[in-house]
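# A structural walkthrough
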Amino acid sequence: MSDILIVDDERDIRELIADILQDEGFGTRLAGNSDDCMREIRDAPPALLVLDIWLKDSRMDGIDILKTVKRDYPDVPVVIISGHGNIEIAVAAIKQGAYDFIEKPFNIDQLLVVIRRAMETSRLRRENQALKRRGTSPSQMLGDSTAFRTLLGQLDKVTRSNGRVMLSGPAGSGKELAARYIHANSARAEGPFVTVGCASIEPDRMEEVLFGRESEERGVEPGLLEEANGGVIYFDEVADMPPGTQSKILRVLVDQTFLRVGGSEKVAVDLRVISSTNRDLEAEIAAERFRRELYHRLNVVPITVPSLEERREDIPLLAAHFIEEFHRTQGLPQRALSEEAGALLQTMHWPGNVRQLRNVIERVLILGDGSGEIEGRELPGEAETPADDGRVVLSGAVTTMPLREAREAFEREYLLAQINRFGGNISRTAHFVGMERSALHRKLKSLGVVTTGKAGGRFAEVETADDDKAAG
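Position numbers for residues count from 1 along each chain, tracking the sequence in the order it is written. Given that the model is predicted, a residue must reach a pLDDT of at least 70 before its local features are reported, and side-chain atom pairs must reach 80 or more before they are shown or counted; all residues, however, enter totals for whole chains, interfaces and linings. Hydrogens and water are ignored here; the side-chain numbers use all heavy atoms of the structure.

Once that is clear, we can look at unusual backbone geometry. The phi angle at Glu237 is positive, at roughly 55°, despite the residue not being glycine. Along the chain, Glu237 falls in the loop between strand 10 (232-236) and helix 10 (243-255). In the Ramachandran plot, Asn353 falls in the positive-phi region, its phi being about 60° despite a non-glycine side chain. Starting at the N terminus, helices and strands are each numbered in turn, a helix being any DSSP run of H or I of at least four residues and a strand any DSSP run of E of at least two. Of note, Asn353 is situated in helix 15 (residues 353-367).

Structural data, given as structure tokens:
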């Protein structure tokens with residue numbers, strides 16, 4: 001089992017503890033003074049340290065060793081033992097980071113209970129940190145639209161390098177998923193993936209969270225930069241990083257070293273940096289809220305993540321994926337989308353993008369009253385329709401128009417929705433709406449609808465006055 005280092009200046013005591021622990025299946029090492037103790041730790045940090053607080057003929061006492069271990073090997077739990085214990089020493093030891101304090105003569109059962117708990121706590125802490133570093137979010141990318149395939153091609157190219165990537169796109173479009181895809185398919189896939197939520201960390205705590213800190217009371221507390229060593233650090237919504245931190249991160253990018261808060265020795269790290277933003281960073285620079293030098297350091301390879309409305313073709317596939325996920329993780333019904341529901345999802349407005357679609361699917365599965373296909377009437381918001389009479393609900397704006405204008409407005413919005421639903425493909429749109437392709441082109445022209453290249457695909461929009469001038 002696990003390796004325990006026992007440090008006590010009394011040979012009989014350390015050998016007694018070793019015999020007890022070996023009988024329980026633990027591996028042990030012994031040290032009688034501070035020099036032997038530190039040499040053993042440097043050679044191979046133990047799973048746990050049992051440490052006498054008073055060490056005769058040693059350069060360091062137990063408290064000094066405890067401080068050093070918690071500074072340099074913070075994951076090693078320390079159990080303090082002493083024949084001269086009192087409440088002040090116990091409080092001092094716990095304050096310095098000891099797991100627990102046991103007085104001599106100790107009860108064997110009590111000693112074993114404390115050691116097992118200390119090792120279990122340490123194991124759980126390491127596993128939790130590993131999960132946070134590696135992340136539990138999936139890195140699978142789903143889609144078949146032109147915009148999605150363009151994005152995937154760009155991501156595949158950057159996985160082969162170590163260059164810094166800036167992902168831009170609206171909130172909820174999947175920027176973190178794209179960052180995880182880069183990590184999972186790169187040479188750093190076995191290393192950690194650490195997310196820094198720049199908008200969620202209090203500005204006055206940002207540096208401590210990133211760089212960690214050192215103090216006599218608590219020793220070394222690593223920050224997120226150290227946790228990401230050997231892997232990827234992902235700055236989510238980097239425009240929200242406090243100005244003071246921006247200059248220090250710029251120095252990290254240049255040197256790959258930094259000082260912990262309260263520390264005096266530089267810490268070297270090996271990091272790949274991926275950032276994301278839903279803002280116009282050039283505008284943030286002009287407003288003096290973001291450092292231009294940092295922008296150029298981070299924006300080595302810019303990649304745009306398309307909104308859900310720019311990849312409407314993918315909506316049925318994504319919806320089916322979320323249905324299967326909620327069935328697997330929450331036990332919700334695994335229902336199929338009806339053709340009507342799929343079409344309605346493709347024509348809805350999605351300001352929250354993929355995240356909003358996921359929430360809509362979860363809501364429908366939770367509130368649904370059956371196990372059959374999901375029908376259009378179950379969808380929320382603008383997709384809601386009367387149950388059975390087949391009527392179309394008119395908006396207030398349409399009801400104030402003359403018939404000709406209302407018909408044009410309806411046709412324009414209907415065709416915009418259908419073209420974007422089919423990823424700008426005019427042939428598929430014409431087939432669905434029941435028109436000849438040439439007739440559809442004429443209708444679009446009369447309605448002022450044009451298709452343009454956007455996010456690697458085609459996207460329909462209403463022609464503006466500027467477009468008319470450019471065409472002239």
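Read across the open sheet, the five strands follow the order 7-10-13-6-14; overall the sheet is parallel. Whereas interior strands pair on both sides, the edge strands pair on one side only; in this sheet they are strand 7 (193-197) and strand 14 (301-304). For this sheet the average axis-to-axis angle between neighbouring strands, irrespective of direction, equals 20°. Note on pairing: DSSP must find at least two bridges between two strands before they are called paired. As defined by bridge partners, strand 7 adjoins strand 10 across five bridges and the pair is classed as parallel. By the bridge assignment for strand 10, Thr195 is matched with Tyr234. Any two residues whose heavy atoms approach within 4.5 Å at even a single point are treated as in contact. Convention adopted: a line fitted to C-alpha atoms gives each axis, helices being fitted over their contacting stretch, and angles between N-to-C directions are expressed from 0 to 180 degrees. Along the sheet, helix 6 (residues 146-159) contacts strand 6 (165-168), strand 13 (272-277) and strand 14; its crossing angle with strand 14, the most-contacted strand, is approximately 155°. Each of strand 6, strand 7, strand 10 and strand 13 is contacted by helix 7 (residues 175-184), which is oriented at about 155° to strand 7, the strand it contacts most.

To define a nonpolar core, start from buried Ala, Val, Leu, Ile, Met, Phe, Trp, Tyr and Cys residues and group those joined through side-chain atoms within 4.5 Å. Under the scheme applied here, a residue whose accessible area is under 20% of the maximum for its type counts as buried, over 50% as exposed, and between as partly exposed, the area being computed with a 1.4 Å probe on protein chains only. By size, the foremost hydrophobic cluster in this structure holds 32 residues, and its most contacted members are Val196, Ile233, Phe235, Val238, Ile249, Phe290 and Leu298. At the level of secondary structure, the elements contributing two or more residues to this core comprise strand 7, helix 8 (206-211), helix 9 (224-227), strand 10, helix 10, helix 11 (281-286) and helix 12 (292-298). Apart from the residues within four sequence positions on either side, Phe235 is in contact with Val196, Cys198, Leu210, Met241, Ile249, Val273, Ile274, Ser275 and Ser276.

Moving on to the side chain of Glu310. Looking at the element boundaries, Glu310 is found in the loop between strand 14 and helix 13 (315-330). Looking at Glu310, its side chain comes within polar contact range of the main-chain nitrogen of Ser307, at 2.8 Å. Pairing of N or O atoms within 3.5 Å defines a polar contact, subject to two protein rules: one partner must be a possible hydrogen donor and the other a possible acceptor, and residues neighboring in sequence count only if both atoms are side-chain atoms.

The subject of this paragraph is the pairing of strand 4 (residues 78-82). Among the five residues in strand 4, five count as buried, and that is most of the element. With burial as the criterion, each face of strand 4 is covered, one bearing Val78, Ile80 and Ser82 and the other bearing Val79 and Ile81. Relative to strand 4, strand 3 (residues 48-52) is paired through four bridges, and the arrangement is parallel. Each bridged residue has a counterpart across the sheet, and for Val50 the counterpart in strand 4 is Val79. By definition, the crossover connecting two strands over a helix is right-handed if that path, from the first strand to the second, turns clockwise as seen with the strands pointing away from the viewer. Handedness of the crossover joining strand 3 and strand 4 through helix 3 (residues 62-72): right-handed. With four bridges joining them, strand 4 and strand 5 (residues 100-103) adopt parallel strand pairing. In the strand pairing of strand 5, Ile80 is matched with Phe101.

Turning next to the sheet that holds strand 2 (residues 27-31). The sheet built from five strands is open, its strands ordered 2-1-3-4-5 with parallel pairing. Each having just a single partner strand, strand 2 and strand 5 make up the two edges of the open sheet. Neighbouring strand axes in the sheet, compared pairwise and without regard to direction, differ in orientation by 20° on average. With five bridges connecting them, strand 1 (residues 3-7) and strand 2 associate as parallel partners. Bridged to Ile6 within strand 2 is Leu30. Helix 1 (residues 11-23) contacts strand 1, strand 2, strand 3 and strand 4 of the sheet and is inclined by roughly 175° relative to strand 2.

For the rest of this paragraph, the subject is helix 10. With 13 residues, helix 10 should cover 18 Å at 1.5 Å per step; its first-to-last C-alpha distance of 19 Å lies within 8% of that length. Of the positions making up helix 10, those classed as buried are Thr245, Gln246, Ile249, Leu250, Val252 and Leu253. With its buried residues spanning 160° around the axis, helix 10 presents them on a single face. In this structure, the buried residues of helix 10 make contact with helix 8, helix 9, strand 10, strand 11 (257-259), strand 13 and helix 12. One less than the residue count of a helix, multiplied by 1.5 Å, gives the span that helix is expected to have. Picture the helix axis, draw a direction to every C-beta atom, and the arc is the one those directions span.

Centre-to-centre distance and the angle between the planes together describe a pair of aromatic rings. Side-chain rings of Phe, Tyr and Trp, where Trp is taken by its six-membered ring, are said to pair if the distance between their centres is within 6.5 Å; with planes under 30 degrees apart they count as stacked, over 60 as edge-to-face, and otherwise as tilted. Applying the stated criterion to the full structure yields four aromatic pairs. Judged by centre distance (5.6 Å) and plane angle (40°), the rings of Phe211 and Phe258 are tilted. One end of the pair, Phe211, is in helix 8; the other, Phe258, is in strand 11, and 47 residues separate them in sequence. Seen from their ring centres, Phe410 and Tyr414 are 5.7 Å apart, and the 20° between their planes marks the pair as stacked. Within this pair, Phe410 and its partner Tyr414 are both found in helix 17 (residues 403-421), separated by four residues, close to a single helical turn. You can call Tyr414 partly exposed: its relative accessible area is 31%. Just above the ring of Phe432 sits the side chain of Arg421; from NZ or CZ to the centre is 4.5 Å. Both a distance and an angle decide whether a charge sits over a ring: NZ of Lys or CZ of Arg must be within 6 Å of the ring centre and within 35 degrees of the ring normal.

Attention shifts here to the pattern of salt bridges. One speaks of a salt bridge when a side-chain nitrogen belonging to Lys or Arg is within 4 Å of a carboxyl oxygen belonging to Asp or Glu. Enumeration over the complete set of coordinates arrives at 30 salt bridges. Residues Arg213 and Glu221 are paired through a salt bridge, measuring 2.5 Å at the closest nitrogen-oxygen approach. Take Glu221: its relative accessible area is 22%, and that puts it in the partly exposed class. In this structure, the salt-bridge partner of Arg428 is Glu313, at a minimum N-O distance of 3.0 Å. In this pair, Arg428 sits in helix 18 (residues 426-433) while Glu313 sits in the loop between strand 14 and helix 13, placing the two residues 115 residues apart along the sequence. We classify Glu313 as partly exposed; its relative accessible area is 25%.

It is the contact of helix 17 with helix 18, at a shortest axis distance of 8 Å, that shows an interaxial angle of 125°. Of the possible angle classes, the one that applies to helix 17 and helix 18 is oblique. Crossing geometry of helix 17 relative to helix 18 is assigned as right-handed. Residue-level contacts link Tyr414, Leu415, Gln418, Ile419 and Arg421 of helix 17 to Ile426, Thr429, Phe432 and Val433 of helix 18. Orientation labels follow simple angle bins: below 35 degrees gives roughly parallel, above 145 gives roughly antiparallel, 65 to 115 gives roughly perpendicular, and whatever is left gives oblique. Should the near helix be turned anticlockwise from the far one by less than a right angle, the crossing is termed left-handed; should it be turned clockwise, right-handed.

Next up on the list: helix 1. With 13 residues, helix 1 extends 18 Å from end C-alpha to end C-alpha; this agrees with the ideal 18 Å at 1.5 Å per step. Taken together, the buried positions of helix 1 are Ile13, Arg14, Ile17, Ala18, Ile20 and Leu21. The arc that holds the buried residues of helix 1, viewed along the axis, is 165°, so those residues lie on one side. Residues of helix 1 that are exposed and point over 90 degrees away from its buried face: Arg11, Asp12 and Asp23. The positive-phi residue at the C-terminal boundary of helix 1 is Gly25, with phi of around 95°.

Interpretation in functional terms is not warranted from these geometric data alone.
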